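Overview (structure and organization)
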Amino acid sequence: MKHVFSAILTLVLLLTSCAVQTKEITESTEKDDQVLEEIPYDQYNSYESILKEYQRFAVYAIEDQEQVLKGEPWYACGWLGGLIVQYNSGRMLMKDDFGYAIQDLNGNGSPELILHINYTVLAIFSMVNDKPMLLDDFGPRHYCAIDSSGMIYTHTSGGATTWSYAIYKLSEDDSQLLLVEEYGENGNFSGEGYYQKKDGEYTELDKKGLDDSLKTLFYDFSISPTEMTKNSSLSFVALF
């Protein structure tokens, strides 16, 4: 009888232990999920809230370098985490790599927020109706440079024959980026798909016309977008 009671007691203790461990694992998982849960980019209430979130995800990226370089799913699931994992400099990320600028790009007195890693622009926000608005975000196929005048240059690539260089300015009410001019190729494999968009008009170009037009841009193609942004008059601040 004693042996039976002992066996029952041992079984109860084992089941209790398993239940406790399961509860701990569940709580741990729920806690991790809660930590990684991201505020949607259209629900921030201030620039400070964006920077706090950016700092939180940057810490994860710094502490889990292997996952970042592999592009593990949890980063790709969230908008802000996805921006960080898309940036791959080929070296380990450090706190000094992350920064931002709060600066008025169109001179109307309301500053914009620019997030960057090593001066590679990740996103630009403006304030509209006292709430942050995402103007655009950037990655390997859509990258950005900002010059000292506040003009925004983008290079967008959808493949070998679908790409564009464009220049934008911020609207007076801060609600959108307005196209100034754009040059590119629209996916025509015949080599005749080159174009120009300027002053609201679309013009077809041949290869020479495209090359000549690009040379007239005040974007200096001899330097990288990162260098242009770094050398601009933007006042950058370290995130940490």
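Coordinates for the structure precede this section.
Residues numbered from 1 in each chain as written. Predicted model: local features only at pLDDT ≥ 70, side-chain atom pairs only at ≥ 80, totals over all residues. Heavy atoms only, no water.

A count of helical and extended segments in the chain gives seven helices and eleven strands. Within the chain, the proportion of its 240 residues that are buried is 39%. Considering only intrachain contacts with a sequence separation of at least 6, the fraction spanning at least 24 residues in the chain is 46%. Of the roughly 13800 Å² that the chain leaves accessible, carbon and sulfur atoms contribute 54%. (Helix = DSSP H or I, 4+ residues; strand = E, 2+ residues; numbered from the N terminus. Buried < 20%, exposed > 50% of the residue type's maximum accessible area, 1.4 Å probe, protein only. Contact = heavy atoms within 4.5 Å. Areas by Shrake-Rupley, 256 points an atom, 1.4 Å probe, with all protein chains shown as cover.)

Core analysis: the largest hydrophobic core is formed by 24 residues, its most contacted members being Tyr54, Phe98, Leu115 and Phe125. Beyond its immediate sequence surroundings of up to four residues, tyrosine 54 is in contact with Leu80, Ile84, Phe98, Gly99, Leu115, His116, Ile117, Leu122 and Leu239. If you look at the next biggest cluster of nonpolar residues, it comprises 13 residues, including Ile114, Ile152, Leu170 and Leu234. (Core = buried A, V, L, I, M, F, W, Y, C linked by side-chain atoms within 4.5 Å.)

Taken together, the five strands give an open sheet; going across it, the order is β4-β3-β2-β1-β11, and neighbouring strands pair in antiparallel fashion. Across the chains shown, the open sheet's two edge strands, defined by having one partner strand only, are β4 (131-137) and β11 (236-238). Pairs of neighbouring strands in the sheet enclose a mean axial angle of 25°, with direction left out of account. Bridge count for strand β3 (residues 120-128) against β4 is six bridges, and the pairing is antiparallel. Of the residues in β4, the one forming a bridge with methionine 127 is proline 132. Docked against the sheet, helix α2 (residues 47-63) engages β1 (98-103), β2 (112-117), β3 and β4, running at close to 5° with respect to β2. (Pairing = 2+ DSSP bridges. Axes fitted to C-alpha atoms, helices over the stretch in contact; angles between N-to-C directions.)

Before going further, it helps to examine unusual backbone geometry. Unusually for a residue other than glycine, aspartate 130 sits at a positive phi of about 65°. You can see aspartate 130 is positioned in the loop between β3 and β4. When its relative accessible area of 71% is taken as the criterion, aspartate 130 is described as exposed.

Inspection of the entire model under this criterion finds six aromatic pairs. Residues tyrosine 54 and phenylalanine 98 carry aromatic rings whose centres are separated by 5.8 Å and whose planes lie at 70° to one another, so their mutual orientation is edge-to-face. Here phenylalanine 98 lies in strand β1 and tyrosine 54 lies in helix α2, a separation of 44 residues in the sequence. Note on tyrosine 54: relative accessible area 0%, which makes it buried. Three or more aromatic residues joined by ring pairs form one cluster here, namely Tyr54, Phe98 and Phe240. (Phe/Tyr/Trp six-rings, centres within 6.5 Å; stacked < 30°, edge-to-face > 60°.)

Spatially, β5-β6-β7-β8-β9-β10 is the arrangement adopted by the six strands of the open sheet, whose pairing is antiparallel. Each edge of the open sheet carries a strand with a single partner, namely β5 (142-146) and β10 (201-205). For this sheet, the mean inter-axis angle between neighbouring strands, taken without regard to orientation, is 15°.

Attention now goes to the packing of α2 against helix α5 (residues 79-86). At a minimum axis separation of 10 Å, α2 and α5 run at an interaxial angle of 45°. With respect to α5, the axis of α2 lies oblique. For α2 against α5, the interelement crossing comes out right-handed. Contacts between α2 and α5 involve Glu53, Tyr54, Phe57, Ala58 and Ala61 from the first element and Leu80, Gly81 and Ile84 from the second. Per-class residue counts for the contact of α2 with α5 are six nonpolar, one polar and one charged. (Parallel < 35°, antiparallel > 145°, perpendicular 65-115°, else oblique. Left-handed = near helix turned anticlockwise from the far one by under 90°. Nonpolar A, V, L, I, M, F, W, Y, C, P; charged D, E, K, R; others polar.)

What follows is about helix α6 (residues 207-216). Buried within α6 we find Gly209, Leu210, Ser213 and Leu214. The buried side chains of α6 occupy one side of the element, clustering within an arc of 130° when seen end-on. The exposed residues of α6 that point more than 90 degrees off its buried face are Lys208 and Lys215. Packed against the buried residues of α6 are β7 (162-170), β8 (177-186), β9 (194-198) and β10. (Arc of directions from axis to C-beta.)

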